[in-house]
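Below, each chain spelled out in residue letters.
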Amino acid sequence: MRVSVIDKNKREKVCIVCEQEKAEGIFLFGHFLCVDCHQVIVQTNTDDPNYAFYVQQLRKMMTSKIYS
């Protein structure tokens, strides 16, 4: 089954961190990260209480999407 270029551009854009559908962001390892969360993550210090939450959400990227 062939997937057209148009279908590839229609990938689901639900942020892996905030779990909301957003228009702008980047795909990392097949997962979408919105611009807003990206900026917050980059500016968050490791001693910030929210840092652990962001790490937990980003770990979802490492789980396989292939189910056998």
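Presented here is an overview of the structure given in this document.

What counts and what doesn't
- Residues numbered from 1 in each chain as written.
- Predicted model: local features only at pLDDT ≥ 70, side-chain atom pairs only at ≥ 80, totals over all residues.
- Heavy atoms only, no water.
- Helix = DSSP H or I, 4+ residues; strand = E, 2+ residues; numbered from the N terminus.
- Buried < 20%, exposed > 50% of the residue type's maximum accessible area, 1.4 Å probe, protein only.
- Contact = heavy atoms within 4.5 Å.
- Areas by Shrake-Rupley, 256 points an atom, 1.4 Å probe, with all protein chains shown as cover.
- Salt bridge = Lys/Arg side-chain N within 4 Å of Asp/Glu carboxyl O.
- Core = buried A, V, L, I, M, F, W, Y, C linked by side-chain atoms within 4.5 Å.

**What about the overall build of the protein chain?**
Point 1. Helix and strand counts for the protein chain stand at 3 helices and 2 strands.
Point 2. Going from the N terminus to the C terminus, the protein chain shows its helices and strands as α-β-β-α-α.
Point 3. When the 68 residues of the protein chain are sorted by exposure, 18% land in the buried category.
Point 4. Taking as baseline every contact in the protein chain between residues at least 6 positions apart, the subset at least 24 positions apart corresponds to 31%.
Point 5. When the accessible surface of the protein chain is totalled, it reaches about 5,800 Å², and 53% of it is carbon and sulfur.

**A look at the pattern of salt bridges**
Point 1. Counted according to the given criterion, the structure contains 2 salt bridges.
Point 2. In this structure, the salt-bridge partner of Glu19 is Lys60, at a minimum N-O distance of 2.7 Å. Here Glu19, found in the loop between helix H1 (5-9) and strand S1 (25-28), pairs with Lys60, found in the segment after helix H3 (51-58); they are 41 residues apart in sequence, far enough to count as distant.
Point 3. Relative accessible area serves as the criterion here: at 29%, Lys60 is assigned to the partly exposed category.
Point 4. A salt bridge links Asp36 to Lys22; the nearest nitrogen and oxygen atoms lie 3.1 Å apart. Pair noted here: Asp36 is in helix H2 (residues 35-43) and Lys22 is in the loop between H1 and S1, with a separation of 14 residues, a long-range link.
Point 5. Looking at Lys22, the relative accessible area reads 23%, which means it is partly exposed.

**Some words on the nonpolar core**
Point 1. Within the largest apolar cluster, 9 residues are counted, these being Cys15, Ile16, Val17, Phe32, Leu33, Cys34, Cys37, Tyr54 and Met61.
Point 2. The element that contributes the greatest number of residues to this core is strand S2 (residues 31-34), accounting for 3 residues.
Point 3. When near neighbours in sequence (up to four residues on either side) are disregarded, Ile16 contacts His31, Phe32, Leu33, Gln57, Leu58, Lys60 and Met61.

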